Amino acid sequence: MRRLTVLILGVCALLALTVEAGIAAPANPTGKVVLTVTGAISEKNSDKGLEMDMAMLEKIGLQLCEVRDPWLGSKKYTGVLVSAILETAGASEDYDEVIVIAKDGKKVTLTADDINKYPIILATQDGGKAIGTGVGGPIKLVFPYGTHPEVEKVHDKNDWNWYVITLEVKVK
């Protein structure tokens, strides 16, 4: 009984220190996991990394991107800035690149410079509606060709990754 009391007091003290220091673990997804951020990050809610359901992802903050999708024409995509996702995940300050991985295994590499220079988003909506899997959803990598046409020289139409499931943060 005495051991149990000591253990309980120890756990309570640890919890009090954690709360006092402002340290809180990221929330766990309550819905289906749609995106996992892995690699050089500090905020994790599973052994895989930071798993997010759609509500968690969109809570980070939505941005409108009116763009000419090279495959589907004029679109009004809404999504979350990749830079904001990395900030939420506690990406290492010295990360060099992020590998954007689709469900089919396709990988697109974004450099830290590109992420900081261009408002690249992971789109979750098209015209205010969820993006269906038949047109690249539920999450699609979108480049701001409309507002930053020079990005097309760095990331051509083949870099528009569909059905994104993972962001892998890498430090060289």
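This structure is a prediction, so every number in the text was calculated from the model and none was measured. (Residues numbered from 1 in each chain as written. Predicted model: local features only at pLDDT ≥ 70, side-chain atom pairs only at ≥ 80, totals over all residues. Heavy atoms only, no water.)

Trainee: Help me get a handle on the overall build of the chain, residues and values and all.
Mentor: Of the regular secondary structure elements, the chain holds five helices and ten strands. Each of the 172 residues in the chain was classed as buried or not, and the buried ones make up 38%. Considering only residue pairs separated by 6 or more positions, the chain has 59% of its internal contacts joining residues 24 or more positions apart. Roughly 9700 Å² of accessible area belongs to the chain as shown, and the carbon and sulfur atoms make up 55% of that amount. (Helix = DSSP H or I, 4+ residues; strand = E, 2+ residues; numbered from the N terminus. Buried < 20%, exposed > 50% of the residue type's maximum accessible area, 1.4 Å probe, protein only. Contact = heavy atoms within 4.5 Å. Areas by Shrake-Rupley, 256 points an atom, 1.4 Å probe, with all protein chains shown as cover.)

Trainee: Describe the pairing of strand 3 (residues 63-69), with residues and values.
Mentor: Sheet topology note: the strand 3/strand 4 (residues 73-81) ladder contains seven bridges and is antiparallel. Bridge pairing in strand 4 links Leu64 to Thr78. Hairpin geometry of strand 3 and strand 4 is characterised by an intervening segment of three residues between the two adjacent antiparallel strands. (Pairing = 2+ DSSP bridges.)

Trainee: Which residues make up the environment of Ile85, and what are the values?
Mentor: Assignment of secondary structure puts Ile85 in helix 3 (residues 82-89). Accessibility expressed as a relative area gives 0% for Ile85, which makes it buried. Remark: the alpha-carbon pair of Ile85 and Leu167, spanning 82 residues in sequence, is separated by 9.2 Å. With residues near it in sequence (within four places) discarded, Ile85 still touches Leu35, Val37, Met52, Leu57, Ile60, Val80, Leu122 and Leu167.

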